[in-house]
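The primary structure of each chain is shown beneath.
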Amino acid sequence: YGMRYIILKSQEMKSVFFERDEEFKNQVEYILALPQLPDLSIHQLKSSQKEYTSLFLKWFEEIENRPAEEKIDYENQIKMKQGELLIQVKRLNFMAHRNRDQKRVMTANLGTRAFRVVAVLCALSILLGIGVAMLMTNYISGAITRLKIATRQRSEEHTSELQSH
């Protein structure tokens, strides 16, 4: 909008430039508040944005009425600073996407690990259940076997007593 103002000389474009500048500052402050962000790159972006705005402020106040050669040089400075800002925004965007992808992979790995732990715990609980069932069956069958033996012995004793009388 600053360049539109330079071309069109429209006060509306100048006010829109300042509105967008304020929005940009607010977005930078929002980004600064985010956790786990590389502060150095966002501070560089903030600094470049201030320089970019100051270039336009100087244009608005001083350069606008100067000779064409000075205007062209100054316009080139503005375009270079705009290019720097664009590169920095793209770098931050790349870093944000990379961070997001890393966190997505980490979350997927955690999910896989949790599934494996649950599967192992389920298998162990089934094996433990089978082991307990076998112990109970063995204990009960041992008691039944002892009861059979005792009953047979008692029966044999009772039969031998009956025959001896």
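Along each chain, the written sequence defines residue order, and numbers are assigned to residues from 1. In keeping with the predicted nature of the model, local features appear solely for residues at pLDDT of at least 70, side-chain atom pairs appear and are counted solely at 80 or more, and the whole-chain, interface and lining totals rest on all residues. The side-chain values count all of the structure's non-hydrogen atoms but skip hydrogen atoms and water molecules.

*Asks:* Help me understand the overall build of the protein chain in this model?
*Replies:* Here a strand is any run of E in DSSP of at least two residues, a helix any run of H or I of at least four, and the numbering for each starts at the N terminus. Secondary structure assignment for the protein chain yields four helices and zero strands. Mapped from its N terminus to its C terminus, the protein chain presents α and β elements in the order α-α-α-α. Taking all 165 residues of the protein chain together, 18% fall into the buried category. Contacts are assigned to residue pairs with any non-hydrogen atoms lying within 4.5 Å of each other. Sequence separation of 24 or more characterises 58% of the internal contacts of the protein chain that already satisfy a separation of 6 or more. Just so you have it, the protein chain exposes about 12,700 Å², and 61% of that area is on carbon and sulfur atoms. Only protein chains enter the calculation, and the probe is 1.4 Å; a residue is then buried if its accessible area is under 20% of its type maximum, exposed if over 50%, and partly exposed in between. Per-residue and other accessible areas were derived by the Shrake-Rupley procedure at a 1.4 Å probe size, with only the shown protein chains allowed to occlude residues.

*Asks:* Honestly, the side chain of Ser-48 in this entry has me stumped. Any pointers?
*Replies:* Within the secondary structure layout, Ser-48 lies in helix α3 (residues 39–61). Overall, the relative accessible area of 6% leaves Ser-48 in the buried class. Polar side-chain contacts of Ser-48 include one of 3.1 Å to the side chain of Gln-88. Non-local contacts of Ser-48, meaning those with residues more than four positions away in its chain, are made with Lys-81, Glu-84, Leu-85 and Gln-88. Throughout this description, a polar contact denotes any pair of N or O atoms lying within 3.5 Å of each other; where both atoms belong to protein, one of them has to be capable of donating a hydrogen while the other can accept it, and for residues adjacent in sequence the pair is counted only when both atoms sit in side chains.

*Asks:* For this particular structure, what's the right way to read the nonpolar core?
*Replies:* Soluble globular proteins tend to pack their nonpolar side chains together in the buried interior. The set of buried Ala, Val, Leu, Ile, Met, Phe, Trp, Tyr and Cys residues whose side-chain atoms join them within 4.5 Å is what this entry labels a nonpolar core. Phe-17, Val-28, Ile-42, Leu-45, Tyr-52, Leu-55, Phe-56, Trp-59, Tyr-74, Ile-78, Leu-85 and Leu-92 form the largest nonpolar core, which has twelve residues in total. Those elements giving two or more residues to this core turn out to be α2 (11–33), α3 and α4 (68–164).

*Asks:* Looking at this structure, I do not really get the side chain of Asp-21. What am I missing?
*Replies:* Relative to the assigned elements, Asp-21 resides in helix α2. Look at Asp-21 and you get buried, because its relative accessible area is 9%. Filtering out sequence-adjacent residues up to four positions away, Asp-21 remains in contact with Gln-49 and Thr-53.

*Asks:* Can you walk me through α2 in this structure?
*Replies:* Residues separated by three or four positions in an α-helix point in the same direction, a consequence of the helix having 3.6 residues per turn. An expected span of 1.5 Å times one less than the residue number is assigned to each helix. Spanning 23 residues, α2 covers 33 Å between terminal C-alpha atoms, matching the ideal 33 Å at 1.5 Å per step. Within the span of α2, buried status applies to Met-13, Lys-14, Val-16, Phe-17, Asp-21 and Val-28.

*Asks:* What exactly am I supposed to notice about the confidence of the model for the protein chain here?
*Replies:* Note: predicted coordinates in regions of low pLDDT should not be interpreted at a detailed level. Confidence scores here are pLDDT values: one per residue, from the predictor, ranging 0 to 100. Mean pLDDT over the protein chain works out to 83, with 88% of the residues at or above the 70 mark. The spread of mean pLDDT over the elements of the protein chain runs between helix α1 (residues 2–8), the lowest at 55, and α4, the highest at 90.

*Asks:* Explain the pattern of salt bridges to me, please; I cannot follow it from the model alone.
*Replies:* Pairs can form between side chains of opposite charge once their charged atoms are near each other. Basic side-chain nitrogens of Lys or Arg form a salt bridge, by our definition, when they fall within 4 Å of a carboxyl oxygen of Asp or Glu. Within this structure, the stated rule accounts for eight salt bridges. With a closest N to O distance of 3.1 Å, Arg-20 and Glu-23 form a salt bridge. In this pair, Arg-20 and Glu-23 are both assigned in helix α2, three residues apart and thus about one turn of the helix distant. A salt bridge links Lys-81 to Glu-84; the nearest nitrogen and oxygen atoms lie 2.9 Å apart. Of this pair, Lys-81 and Glu-84 both sit in helix α4, separated by three residues, roughly a single helical turn.

*Asks:* Please explain α4 as it appears in this structure.
*Replies:* The end-to-end C-alpha distance of α4 is 142 Å, a good match for the 144 Å that 97 residues give at a rise of 1.5 Å each. Buried residues of α4: Tyr-74, Ile-78, Lys-81, Leu-85, Gln-88, Leu-92, Met-95 and Gly-142, and no others.

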